Every structure is written in structure tokens, then in C-alpha cells.
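Fold and geometry: a report
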Amino acid sequence: TGDSDQSDQKSETVPYAGASVAVDALRYLAASQGKPRVLIADRRLSRRQSLASMIKSAGYEPDIYSSGRAAIKAAQQHPDYVAIFISFTIGPRPIGDILHEFRSDAQTAGLPIGVLVDSSNEHRAENLIADDPLSTLFFMPHTAELAATDIKKLILLAGDAFVPEK
């Protein structure tokens, strides 16, 4: 009987492999506020504000950021994001590095990303996301209806990984 007491003590004091990851995941999910959010990252203030207004009119809560670093940090902390719009010209870090960081993090890897382009950078952006099934290109929408359609396209990219709001 003395041996079983010692083994019980050990199992209580020695965490299992991956325990810290499970705690971090639970903490991340507990931060959910239950509202579908869309992250917008663009260095141009007018474009961020315009897109945020359209996304809000489409029924989503927009969060706007002026840098890729801030966008990544926000996405890692908030589980309510259903989609990301990020400008191809976000700078100063190359957009490829930012997309790679999104895909390399467990909390953001499954988020669909719409890369906002214009005619001058569309082909470079196509090459950049060619191997990423959760990313696609968009031109800046001009109405709330078009923004809503773009978000729905992104959610379709997520497929089974998307959990709709109840």
C-alpha cells in the first residue's frame, strides 16, 4: 500500500507531456467573446477605415491594424476571428514573411486570409499564395455586400475548420 501512495503523489506532481500547450489552448479559447470578427491589416488608414465600415455593415466586428506584427499578435490572442484581410503592401516586413508567420502559429494557421491587391501587384501576390489553400486574392470591395461576399468566400476556404456562430 505504501508504493501506491508514492505513485499517486508522482502522478499529481509530474505534468504530462504537452500540458503547457493544453493550458495555453484553453486560455486562448476562453478569451472568446462569441462574436464573429474580421481582422484587417493595411498601412493605409483610409482603406482600413473604409473596409472596417463595410465589414461592420455586413454584420461582422472589424478590428483594424496598421502592421503585420500587430495583426499577428491580435490573431494569436483572440479566437473569434473568422477571416483576415491583409494588404499585399502592408510593409515594412515582406508580406510573404507575415503570411508564413500566420501559417506557422497553431492559433492562426487555420484562418482564411484574403490578400488585398491592386492591378500592379496581383501577379506577384498570386505567386506568393499559390501553395496556400487558405489564402486568396481580393481587390478592395466597394460595398458592404461585396465585403460580405468576400468574407463568405474566405469562410468557404476554411471548410470544416469553420465553426459558425450559434
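Details of the structure are given in the entry above.
First, a word on scope: everything that follows refers to the structure included in this document. (Residues numbered from 1 in each chain as written. Predicted model: local features only at pLDDT ≥ 70, side-chain atom pairs only at ≥ 80, totals over all residues. Heavy atoms only, no water.)

The next subject is the overall build of the protein chain. Helix and strand content of the protein chain: 7 helices and 5 strands. Mapped in sequence order, the helices and strands of the protein chain form the string α-α-β-α-β-α-β-α-β-α-β-α. Relative to its 166 residues, the protein chain shows a buried fraction of 39%. Looking at the protein chain alone, contacts between residues at least 24 apart form 63% of all its contacts between residues at least 6 apart. When the accessible surface of the protein chain is split by element, carbon and sulfur atoms take 54% of a total near 9,700 Å². (Helix = DSSP H or I, 4+ residues; strand = E, 2+ residues; numbered from the N terminus. Buried < 20%, exposed > 50% of the residue type's maximum accessible area, 1.4 Å probe, protein only. Contact = heavy atoms within 4.5 Å. Areas by Shrake-Rupley, 256 points an atom, 1.4 Å probe, with all protein chains shown as cover.)

For glutamine 76, the position within the fold is in helix α4 (residues 68-77). Spatially, the C-alpha atoms of glutamine 76 and aspartate 105 are 7.9 Å apart, while their sequence positions differ by 29 residues.

Moving on, we come to the sheet that holds strand β5 (residues 135-139). Reading across from one edge, β2-β1-β3-β4-β5 is the order of the 5 strands in this open sheet, with parallel pairing throughout. Taken across any chain shown, the strands that pair with only one partner, and hence form the sheet edges, are β2 (61-65) and β5. On average, each strand axis in the sheet is tilted by 25° relative to the strand beside it, whichever way the strands run. As paired elements, strand β1 (residues 37-41) and strand β3 (residues 81-87) share 5 bridges and run parallel to each other. Bridge pairing in β3 places valine 38 opposite alanine 83. (Pairing = 2+ DSSP bridges. Axes fitted to C-alpha atoms, helices over the stretch in contact; angles between N-to-C directions.)

Turning to the side chain of serine 135, a few remarks are in order. Looking at where serine 135 falls in the secondary structure, it is placed in strand β5. The class for serine 135 is buried, based on a relative accessible area of 7%. Among the polar contacts made by the side chain of serine 135, one reaches the side chain of aspartate 132 at a distance of 2.7 Å. Excluding residues that lie within four positions of it along the chain, serine 135 makes contacts with Arg103, Ile113, Ile129 and Leu157. (Polar contact = N/O pair within 3.5 Å; in protein donor to acceptor, adjacent residues only side chain to side chain.)

Attention shifts here to the pattern of salt bridges. Counted according to the given criterion, the structure contains 7 salt bridges. Overlapping salt bridges, with partners in common, bring together Lys35, Lys56 and Glu61 in one network. (Salt bridge = Lys/Arg side-chain N within 4 Å of Asp/Glu carboxyl O.)

This brings us to helix α7 (residues 144-158). Taking 1.5 Å of rise per residue, 15 residues should cover 21 Å, and α7 covers 21 Å from first to last C-alpha, within 8% of that figure. Of the positions making up α7, those classed as buried are Ala144, Ala147, Ala148, Asp150, Ile151, Leu154, Ile155 and Ala158. Angularly, the buried residues of α7 cover 160° about the axis, an arc narrow enough to put them on a single face. The outward face of α7, more than 90 degrees from its buried face, is lined by the exposed residues Glu145, Lys152 and Leu156. (Expected span 1.5 Å × (residues − 1). Arc of directions from axis to C-beta.)

Let us now look at the packing of helix α3 (residues 45-57) against α7. It is the contact of α3 with α7, at a shortest axis distance of 8 Å, that shows an interaxial angle of 80°. Viewed along their axes, α3 and α7 adopt a mutual orientation that is roughly perpendicular. Across the interface between the two elements, Met54, Ile55 and Ser57 from α3 touch Ala144, Ala147 and Ile151 from α7. (Parallel < 35°, antiparallel > 145°, perpendicular 65-115°, else oblique.)

Glancing now at the pairing of β3. In terms of burial, β3 is largely enclosed, as 7 of its 7 residues are buried. Alignment of β3 against strand β4 (residues 113-117), held across 4 bridges, turns out to be parallel. Residue pairing across strands places serine 87 opposite leucine 116, the latter belonging to β4.

Topologically, aspartate 42 is positioned in the loop between β1 and α3. A relative accessible area of 1% places aspartate 42 in the buried class. Apart from the residues within four sequence positions on either side, aspartate 42 is in contact with Arg47, Arg48, Tyr65, Ser66, Ser87, Ile90 and Leu116.

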